[in-house]
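Residue-level structural notes
The residues making up each chain are set out below.
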Amino acid sequence: MTEDEKSKILGKKVTPELFYRLDDYPYSSTSKDRVLSGIRELDFDTKGFEMGCITIWTGFTNAGKTTVMTMLAKKTINQGERVFFFNGEQTKEDFKNNLYIQSSENKELINKQFKNSCIFDTFITKERAYELEKIYGNKIYIYNNEAPRDIGTLLYAMEELRRSQRIRVFFLDNFMQIDMKNENIFQEQAETMEKLRTFAVNKKVHIHLVAHPRKTERFQTRLTLYDIAGSSNIVNKAYNIISILRVDNIKEKKDYAKLEDELLSEGYDIKETNTVLEILKTKGERCGLVALKYDKKLKTYKEVEKMTSELKDKAKNKINTDEEEELPW
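Residues numbered from 1 in each chain as written. Predicted model: local features only at pLDDT ≥ 70, side-chain atom pairs only at ≥ 80, totals over all residues. Heavy atoms only, no water.

**Points about the pattern of salt bridges**
A pair can form between side chains of opposite charge whenever their charged atoms are brought close. This is how it is decided: The rule for a salt bridge is simple: a side-chain nitrogen of Lys or Arg has to be within 4 Å of a carboxyl oxygen of Asp or Glu. The cut-offs for exposure are 20% and 50% of the maximum accessible area for each residue type, with area from a 1.4 Å probe on protein chains only; residues under the lower value are buried, those over the upper are exposed, and the others partly exposed. Helical segments are the DSSP runs of H or I of at least four residues, strand segments are the runs of E of at least two, and each set is numbered from the N terminus.
Scanning the entire structure with this criterion turns up 23 salt bridges. The shortest N-O distance in the salt bridge between Arg40 and Glu41 comes to 3.3 Å. The exposure class of Arg40 is exposed, given its relative accessible area of 63%. The buried category is assigned to Glu41, whose relative accessible area is 13%. The residue Asp45 makes a salt bridge to Arg286 at a minimum N-O spacing of 3.2 Å. On the criterion of sequence distance, the pair formed by Asp45 in helix α2 (residues 40-46) and Arg286 in the loop between β11 (275-281) and β12 (289-295) is long-range, its members being 241 residues apart. Classification of Asp45 as buried rests on a relative accessible area of 1%. One connected set of salt bridges, linked through shared partners, spans Arg222, Lys258, Glu262 and Glu278.

**With respect to the pairing of strand β13 (residues 300-303)**
Selection rule: Strands are treated as partners if at least two bridges between them are detected by DSSP.
Alignment of β12 against β13, held across 4 bridges, turns out to be antiparallel. Within β13, the position partnered with Tyr294 by the bridge is Tyr301.

**Considering the environment of Met71**
Cut-off, in case you're wondering: Between two residues, a contact is recorded if the distance between any of their heavy atoms is within 4.5 Å.
If you trace the backbone, Met71 turns up in helix α3 (residues 65-77). It is 9.2 Å that separates the C-alpha atoms of Met71 and Lys299, two residues lying 228 residues apart in sequence. In this structure, Met71 is in contact with Ile39, Gln102, Thr300 and Tyr301, ignoring residues within four places of it in sequence.

**Describing the nonpolar core**
Rule in force here: In this text, buried Ala, Val, Leu, Ile, Met, Phe, Trp, Tyr and Cys residues form a nonpolar core when linked through side-chain atoms within 4.5 Å.
Ranked by internal contacts, the top residues of the largest apolar core, which has 48 residues, are Leu42, Trp57, Leu259 and Leu277. Take this core: its biggest share by element is 6 residues, from α3. The next biggest cluster of nonpolar side chains, apart from the first, holds 30 residues, and it includes Phe86, Phe170, Leu172 and Ile207.

**As for helix α7 (residues 185-203)**
We apply this condition: To estimate the expected span of a helix, subtract one from its residue number and multiply by 1.5 Å.
Between the first and last C-alpha of α7 there are 26 Å, a value that for 19 residues agrees with the 27 Å anticipated at 1.5 Å per step. Turning to α7, its buried residues are Glu188, Gln189, Ala190, Thr192, Met193, Leu196, Phe199 and Ala200. Against the buried residues of α7 lie β3 (53-58), α6 (151-165), β8 (169-173), β9 (206-210) and α8 (232-236). At the exit of α7 stands Lys204, carrying a positive phi of roughly 55°.

**Structural notes on the sheet that holds β12**
Our working rule: Here an axis means a line fitted to C-alpha atoms, over the contact stretch when the element is a helix, while the angle between two N-to-C directions is reported on a 0 to 180 degree scale.
Taken together, the 9 strands give an open sheet; going across it, the order is β7-β4-β8-β9-β3-β10-β11-β12-β13, and neighbouring strands pair in mixed fashion. One side of each edge strand has no neighbouring strand; the edge strands of this open sheet are β7 (140-142) and β13. Put simply, the sheet's adjacent strands are angled 25° from each other on average, direction ignored. Across 3 bridges, strand β4 (residues 83-87) lies against β7 in parallel orientation. Of the residues in β7, the one forming a bridge with Phe84 is Tyr141. Contacts from α7 reach β3, β8 and β9, with the element oriented near 130° to β3.

**Examining unusual backbone geometry**
The omega torsion across Asp173 and Asn174 is 15°, close enough to zero to call that bond cis. Summarising the element assignment, Asn174 is placed in the loop between β8 and α7. A positive phi angle, close to 60°, is found at Arg166, a residue other than glycine. In this structure, Arg166 sits in the loop between α6 and β8.

Here it is as structure tokens:
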């Protein structure tokens, strides 16, 4: 009996082939397994979120990273998947309330005043909560923040859910909330990222990973690949990198004008846009900008409708002929 035959019987790893001849395996015309964001232009640019990959999401504080993650989770579940969430900075109660608000209509929202103050909290009706419990109750699993948050324990939980619940899409919000114990934090970050990538590749899952930007110049409004905090391996191991930008965070007229022109080239009107997804890296179709509009009541985003060619030409002429204007905030 060969060693490989013994390994199969004992359930051990079989020695892999070191190479293949081209005709050893058949040609495949099957599309890669993926889930979609539900944002048409984002799906076109990235070709969806393929299994076996990591997508990094970044952006300044309050850019909307957590909101986007919740929205993507809903879209993923609508495609028949279950999801896992690691919320390092958000309680499980807040996560559930935000998810349910995003999944409701205005008529199903309730505003409750805190004592006699000027503070109002938003919830949903009991009837709607009961309906959503049946939709999402067994579709979303949330990591217990009271458990150890080292990468070993986290990956153990992820593998257990992948195996027992067939979960293939994992949301980690955020990378910096994974405990690091090594004095050389950059080395440990690199090792952690490699473990996440290995898990994604070997288990054929997709990981959405939120990574905060490092401290940037005071007036910088747009991020680059080099602005993501931590080891350079974080960037190198990702399949997609997407930055989330709030338009009202732009304080310089020249930056606003540059973004306005770039959005127009993509077919979007900046005046209809609250938030921009900027694809900084992808192995999909192309890098580019995707415009979103924020619904404050429902705490979610919708893609901005693209302009017709006629409206786009008019907007371009207006930008070229108008005198310098004040920012709209």
